[in-house]
Each structure stands twice: as structure tokens, then as C-alpha cells.
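Working through the structure, step by step
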Amino acid sequence: MSQNCLLEEVCQWNEEMCKRKMGHVFPELICIYQCSERSSEQLRVLKILTDKFLPHISFAEKEQTFFSQTLPRVITLFDELADKLSQQAGGLSSQNTELQAALRNTIQSQVQLLEVLVNIVHHVCTLEETLTLASIHSLSLAAFHVLKNTFSHCKDSETLYSGHLHLVADLLQSLFKEAYSLQKSFMELLDRIVLESANATGDDIACMVIVVHNVLKICPVISKMDHALHANTWKFLINLTFCSRISVKHRKLIETKLPHNELVAGLCEVILYSFNSCLQLAEQVNQPAGMGNANTTDCKLFQKTMKLCRFFVNTLVHYVKEFIDFLSKSCHILHHLYLQMYSKIAPSLYAPILSDGPCDQIASVVPVALDALVSQLLFFRPFVEMVLQDNQDFSLELTFPQCLLLMNVMGKLPSQSWEVQSLWCSGSQFSEERPRLPLFNVLFHNFQRCYAELSLPVQLPGVMSKGQAQQNISFYEYVCTQLCSFITSLPASLFPALEFTLLDAVLSPHMLTALLATDTWCFLARYGSAELCAHHISLIAQLVKSCCGECYQLSHLSLLLRRMLFLMSADHQVVFVEKFSPKEISNLLLWRQVSVKALTPELQKPVTSDITRTAIDQCLKWQSSKCALGELEQVNVALAALVAVCHAHGEALNLDLQLSITETLCQIWTALTVEQVLSQHCLQQTAALLLSLVALLIRVVGPTLIAQVVLFLSSLLPLNPPDHVRLAALDFLGSLGKIVIPPDVQGTVLPKLPCLFASLLADKSWLILQHALQGFTLFAEETCHEAVVPHSLESGGIKNKVVSFLNKVITTVECKELQVERLKQENNILDAHFTSLNICAVNDPVVMEPSAKRARLEHCEEYESALQTAENAFKTLQTLIQQGPVPERVMVRLQALQTIIIALNNGR
């Protein structure tokens, strides 16, 4: 009997006939199926085998007898059809009807293959026997292979068929529909899988792992095709890994073999994709709707996508909870997920601008879900090491989210054990550990990179207290509050790490970082014991004394010392004064940085007197040594100490001390010249300090010194001295409004003031201009010499500036978007600057050391004297040569001098 006749006859058989003839006909049909080269014939035989004979094969034999014999060929046949489509689809057109018909027939064959697989799965689902993966191994492989390729074809169809997709769209829709049905049915079938039996073999476990791998491969293919299908596939995949029908024994084996890193990476990718889709839809909701229901549709789609995103995040949290022990290699993915999502939600500067509705919904979902993720990872050492690793190369976009992550962790640590707190706060302790920094170090490092967020500043939710409504606070206040709150729960054993970090941050070149460390340190001083406060102040004072020259480290340490001295107990202040006695010249460097008002009333008067007399003695000593330039730095320290005393007490300072100071001022001022001030940095400091002292003691300064200072400034300011000198000059000029200029110097002083004020009000530096406006306003409000005011405002531009300042008018208004973009650009520049400073500090720790400069200053006067003598001698020789013939021996000597000068220029 021919094959066609056999097939025709079998198609007419009833169920009883198929069952009776199976032993003879079934092997023959299998042979026909496997040997046939025509796809149409293979498909026909496969349908007959499935419909007529599969129901009569026992379940125990289905895999070996039917599935393994037929389904591998299904995979091959489906791939051949798919290759045929890929090769011919590019030529599809409405004119080429023959090719169109051939392609449609090919797709129809694929649809029929899927229908066969669906029927097979439905048949197995009707069976009551206990299923194992080994019993449907071939079916599983075929189903996943066909599903993946089908979904890939449908996904790429628009590109594959170019502009002629409409010619086969109906069949592709049927193809997708059958694939959807196959996946749904097959997942229902897999839900019945049981691995509880003690007889389950390693093959069963291997099959389970293969299933997980195959489902994982399908997920990215359908991620952008159908949200419901995608979500259900992931739900099935995760449920499969948590399957309660898997025995504990076999589950432990499966856990070790599951592709955990791939699963986590896939989930994170899906989460980010759905989250970005939410953001895009939220932005569309912001746009005005051109059609009546446009925004309504977008809102519904946004709500649906938001639920999908929440589902995926919750799934990830569940997965991390179950398999955290296997996720050490996935920590960088989880960390990056947290940072990426927080970088795109308010108040991040890199978040899209959304209307309140969608923004609130995102803010109510994402932080809660990510908070649960952090809670699961809080105890996991690999995650801690990832977050706290040194030299993290974050983009500035992720720096702010990193700070929020650390704040989140700090909020959770107080309720954790000492071991967990130590893991986060102590840093790596042994060389064999993976290097990690203490949490405090990482926080301050990332905080200093948030220049833009601190400058705006961005707003974060504050803490509700005393029943008052929660209010938004600045990013700086948020970090400071959280950090101080965390310190109250910190075990004593972790304080060394905190103290080290605070000191390192105070010495940072970044001002706001140093300020945050200072605020935190002051809180620590108030929260801790009086002894701890005194101990810290003593250490800081020693550091202040050890600073060489003017540097940012001295400025930051001085601010900390100045504030902490107010927190010191009375008894400890007495000890402090004894240890750092103001009677010793070496301690003036310290006392110039603090306010005497920080001391108790009993100590203020003697300390003030001691500082004043010690400083004056230092100035007199300098004058008696013929005003050596090399010793001027000590004089500047003494003058700065006097400024600190006068700032603290002002006009309440003892009159005798005021007169002593002014007398010293007069003597030092006579030693200054405009040329020296412009050429020597130390003399610029001296001039600035003298101007500040004159301004503070303006009521007791004599008219002669006032006239002398005004004339000095008239010559100095047109030559553009440094900013700190001009700022000190403004302090002096503003203070003149407090007094009546004596008649004997009015003719010298008053005509000069309008020109001085006008030059400073026209300054191009915004800092100088701001202080000039303040100083001029102060003078104008208090002076009795009203004529000076209009003469200072003769320029229309200057007058407009002053009027705008008085009326508090903002001359330039920058929109929020431009401001944010400007701050981002400035942040890039500052970040590069501070990075270079850190590199210099590592490569050259003493780069700030100015001792070499001081060595030069000590001999500067001797050089000046020698050069002056040489210049005078050469001028005399020049005059003699011009008067008459020059002897030959003179010319020889001049050539020898020229050789000496050349050698000096070359440094020999």
C-alpha cells in the first residue's frame, strides 16, 4: 500500500481501529514522518499521529515513544520554515503574487505547527497522572524553541517585511495568537510539575534548570510586545523557582544551579524599561490634550504601566529575599538599579519635569519598593562592600541617589545588631577582606559632589515633630539632620571611625563638606560628655597652631574651634586658657581664630587684656628690629588677634587698650608704602588688617590717621590691589559714617570719598560690588556729611545699582531650567577641580607647605639693599661715561661685570 493510500485510510479510522492497529501502523507512520522531505507531508503525518495515536499511548511511554520521536523534527521543520521566510520576505510586494502566496503558505504552515503543539499540551493537561519534567522533556524543548522563534519573528516583522507587512499581517496575527495560546497552556502544564518524589533524579533537576533558562530567554523577546504576556511570563518564572511542590531536598540542589545572575539582571532590565515607560507616559500626560480623550487614554496607560513596574520590583524583592545567598555577583546590578531609578524621580535634577499627579504616584511607589529592597540587602556583606567600595566612578547623575541610599541605610541601622552596624561603619579591618570604606567616608565623598543639589537647593521631606505638619527642607539640612540622628545611636566602639571621617571632612577643600562636618561635630560635642568636648577642642587647637600660612585647612579648623569653644564647660575653659595662654606669642595664632565672647565673663576680661598686650608687644618688637620683612608674618598674626578682640568687644573694649592699639596702628602705618603693598603679599595682609582695625576703632582713631588712610587708599585703589585689601577698604569707608570728620582734615578727606566709593561701586567683581553697596549704604545712612553721597552717584550706572540695591530689585532673573543646567556645568568643573586636588594630595602630601616661601622672605631685605647699591653704582658709571672718553681698563671691568650678571641670571 502506498504512503498516500495509508494516510488516507488512517484518516478514516475511528478510535477503536487506531487503538487496534497502533502496534503495526504507528511505527510505519513515524518512519514516514522522519524520512519525508516535504514540509507539507511532515505536517500532515504529524497531525495524524497527534490526533489518532497520541491518546492511546500510556503516559509513562509518551516521552520515549512519541515526544522524542516527533518533536525534535518539529523544531527542525519550524526553523526551516523560518529561514525560508527570512530569505524571501525582503522581496514581498503586492505585484509579486506568486511570492506572496508562497510566504503566506509558509506562515500558515507555522501556524499549523503551533496548533499541533497546542493540541499536544492540551492533551497532556487532561491526564491525571503526576507529571515530572523528565516525562515531558522533549515537549518542553520544542515548545520553548518554537515560542522564542515565533515571538522573535513577530517582533521583527515590521523590519523583516519592510513596507509590505499588511500583505501578511492577518497570518502573523494568527501566528502570535497561537503562540500566546501555546505559552499559556504550557505554563499551566508546568504548574503541575512535582519534584517531591524521593525517586526524582538528577535529570529531573537538570530539566527544571533548563526550563528556567528557556523561560528566561523568552522574557526579553516579549518585553516590548505585550505587557500582560510579559508580566505573566515573569510571574510564572519566579513562581517556578519558588514552587512549593519541589521538595526541600531537591530545592536546595536546584537553587545552586539556577541562573541567579541572569534572572536578577533580566528583572532589573525589565524594571528599568517599565519605569522609563512610566516616565515617558507621565510626560505625555503633562502635555495639553489635542483630542478630548487623549490625556485620559495616556493616564490609563500610565496607571497600567505603573502597576506593572510595581509588580516587577516586588517580584525582585521577593526573589532577593529567597535567594540572597546566591546573589553576591548581582550586587552591582541591584546597586545600579537603585541609583538609576532615584536619579529619575524628584527631587533629582536629572528627573523629567512631571505634573503633580503622576509625580506623586511615582513617588509613592518607587521609594517604598526600593526601601524594601534595601531592607533585604542590609545584612548582605557583598552588597555592603559594593556600596562602600573605594574609588567608585559614579557619574554626577548618580551621586545624589548614592547619598539618598546611604541616608536610607543610616535610618535602618539603629535597629540592627552591632555586627551589622560595624559592617557598615567600621570599614574593612583585614587585608584579606575586600576593601570598603566606612559609611561616613562614602557619604561625605558623595555629598561634596552634589554641588548643584546643594546650590539650588533641592528639597526633601523633613521630620514631623511636636504634631506639626511635615515640611520640606534643604538637602543640606536633610543630610545633617539624618547624620546627627544616627550618631545618637552609634555604639562607642564605632566612634573612632566617625571622628576620623569628621576630621578628614573638615580638612576637605570643599567648603560645604567642611561645614557639614563642623555642624555634625558641634552636635557631637553637645550630645557627648564635657570631657569629650574638651578633648576634641584641645586636639583641634593643636591642629590650628600647626597650620602653616594661610590655607583652607586653617580656615575650616578655625571655624570649628570658634564654634566648639562656646560649648566648652567653664572649668574646661579655665584649663584651656592655661594650656594655651594668651600671654605667649606662639599662641596668638590660636587666639586670632576664636571669639573671646565664647569664654565665661570671668575669663573674658583677663584674656582680652593678655591678647592685646601680647599682640602689641609683638608689633613693638618688630618695629624695634627696623621693620624686617621676614618677621612681618608674626606681626600679621598679632594684628589678626587684635582684630578678633575688637570684633568681640568693639567699642566696649577698655579705653586704655583701644588707645594702645591705635597708637600701635599709627606707628605701623608709617612703615607702609603703596609700592610695597602692591608687590608683597605679606604687606597686603598687613594693610588689610590695619584697615579692619581702623574701621573697628574709628571713634577713637585720631584725625591724622584717618586722613593718612584716606590718602593711602586714593593712591592704592586705582592700582587694583587684591580683593581682600579692597574689602578691608570698604569696611573702613563704611565706618566713616559713624563719626564727624574733624574740620582740620575735612578738606583732605571729604573730596576723596566720592571718588573712592565710585571706583568700588563700579567694580566688575560681584563680590566687591555687593560689599561696596553694603558699605556705601551704611555710610549714607549714618553720615552727617550728606554732600558726599550725591557726589558718589554722579554716574547713572552706579546710581541705578544703588537704587536697585536699596529697593531689593533683582536685576537678572534666571529661569529654573537655565539655572539647573548652569549648575550642572559648574558641577562638572568643580568635580574635576576637587579630583585634581585629591590627586595632588596623594602624590605630594606637602604641596601646601609654604616654608620655602618664608625662607625667601627672611633675606628679601638684604637682596633689596644689595640691588639698590648696584643700581646706584651703575647709574654713576653711566653718568661718567656720558661725560667724556672712557679708559680702556674701565671697559674691561665692565665686560667682567657683564659676565657676572649673566651668571647671576642663570642661577650660578
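Everything quoted here is computed from the prediction, not taken from an experiment.

To continue, consider the overall build of the protein. Helices and strands together make up the secondary structure of the protein, namely 43 helices and two strands. The C-alpha atoms of the protein give a radius of gyration of 43 Å, which is well past the 29 Å a tight globule of 908 residues would have. Across the 908 residues that make up the protein, the buried fraction comes to 48%. Carbon and sulfur atoms make up 54% of the accessible area of the protein, which totals about 44,500 Å². Charge-centre separation for the protein: the mean point of 67 positive side chains lies 1 Å from the mean point of 84 negative side chains.

This next bit is on the packing of aromatic side chains. What the rule picks out here adds up to 19 aromatic pairs. Considering the side-chain rings of Trp669 and Phe712, the 5.2 Å spacing of their centres and the 70 degrees angle between planes classify their relative orientation as edge-to-face. On the criterion of sequence distance, the pair formed by Trp669 in helix H30 (residues 655–669) and Phe712 in helix H33 (residues 703–716) is long-range, its members being 43 residues apart. For the residue pair Trp669 and Phe712, the accessibility class agrees, reading buried in each case. One aromatic cluster in this structure is built from Phe26, Phe53, Phe66 and Phe67.

What follows covers the pattern of salt bridges. Considering all chains together, one arrives at 11 salt bridges under this definition. Between Glu397 and Lys344 there is a salt bridge, with its nearest N and O atoms 3.9 Å apart. Separated by 53 residues along the polypeptide, Glu397 in helix H17 (residues 396–412) and Lys344 in the loop between helix H14 (331–342) and helix H15 (356–377) bring together distant segments of the chain. Judged by relative accessible area, which is 25%, Glu397 ranks as partly exposed. The residue Arg726 makes a salt bridge to Asp763 at a minimum N-O spacing of 2.3 Å.

What follows deals with unusual backbone geometry. With an omega of 10 degrees, the peptide bond between Ala346 and Pro347 qualifies as cis. Residues Leu456 and Pro457 are joined by a peptide bond in cis, for which omega reads -10 degrees. As for its position among the elements, Pro457 is in the loop between helix H20 (451–455) and strand S1 (459–461).

Its location among the elements puts Thr662 in helix H30. Residue classification places Thr662 among the buried residues on the basis of a relative accessible area of 8%. Among residues more than four places away in sequence, those in contact with Thr662 are Leu697, Val700 and Val701.

The grouping of Phe874, Leu897, Ile900, Ile901 and Leu904 at the surface amounts to a nonpolar patch, some 450 Å² of accessible area in total. Considering each element in turn, the nonpolar patch owes the most residues, four residues, to helix H43 (residues 888–905). Among the secondary structure elements, Phe874 is positioned in helix H42 (residues 860–883). Note on Phe874: relative accessible area 37%, which makes it partly exposed.

This part takes up H33. For H33, spanning 14 residues, the distance from its first C-alpha to its last is 20 Å, which sits close to the expected 20 Å at 1.5 Å a residue. Each element contacted by the buried residues of H33 is listed here: H30, helix H31 (674–679), helix H32 (681–696), helix H34 (723–735), helix H35 (743–749) and helix H36 (752–761).

Residues of the protein with pLDDT of at least 70 account for 91%, and the chain-wide mean is 85. A low-confidence stretch, residues 846–858 stays under pLDDT 50, and its non-local contacts, those more than four residues away or across chains, total 13 contacts.

A few words now on the packing of H17 against helix H19 (residues 439–447). Two numbers describe how H17 lies on H19: the axes approach to 9 Å, and their chain directions differ by 150 degrees. The angle between the axes of H17 and H19 places the two elements in the roughly antiparallel class. With respect to the hand of their crossing, H17 and H19 are arranged in left-handed fashion. On H19, the residues that touch Thr399, Gln402, Cys403, Leu406, Met407, Val409 and Met410 of H17 are Leu439, Val442, Leu443, Asn446 and Phe447.

Conventions and cut-offs
Residues numbered from 1 in each chain as written. Predicted model: local features only at pLDDT ≥ 70, side-chain atom pairs only at ≥ 80, totals over all residues. Heavy atoms only, no water. Helix = DSSP H or I, 4+ residues; strand = E, 2+ residues; numbered from the N terminus. Rg over C-alpha atoms; globule rule 2.2 N^0.38 Å. Buried < 20%, exposed > 50% of the residue type's maximum accessible area, 1.4 Å probe, protein only. Areas by Shrake-Rupley, 256 points an atom, 1.4 Å probe, with all protein chains shown as cover. Lys, Arg positive; Asp, Glu negative; His and termini not counted. Charge placed at Lys NZ, Arg CZ, Asp CG, Glu CD. Phe/Tyr/Trp six-rings, centres within 6.5 Å; stacked < 30°, edge-to-face > 60°. Salt bridge = Lys/Arg side-chain N within 4 Å of Asp/Glu carboxyl O. Contact = heavy atoms within 4.5 Å. Patch = residues over 30% accessible without salt bridge, like charges linked within 9 Å, V, L, I, M, F, W, Y side chains within 5 Å. Expected span 1.5 Å × (residues − 1). pLDDT = per-residue confidence, 0-100. Axes fitted to C-alpha atoms, helices over the stretch in contact; angles between N-to-C directions. Parallel < 35°, antiparallel > 145°, perpendicular 65-115°, else oblique. Left-handed = near helix turned anticlockwise from the far one by under 90°.

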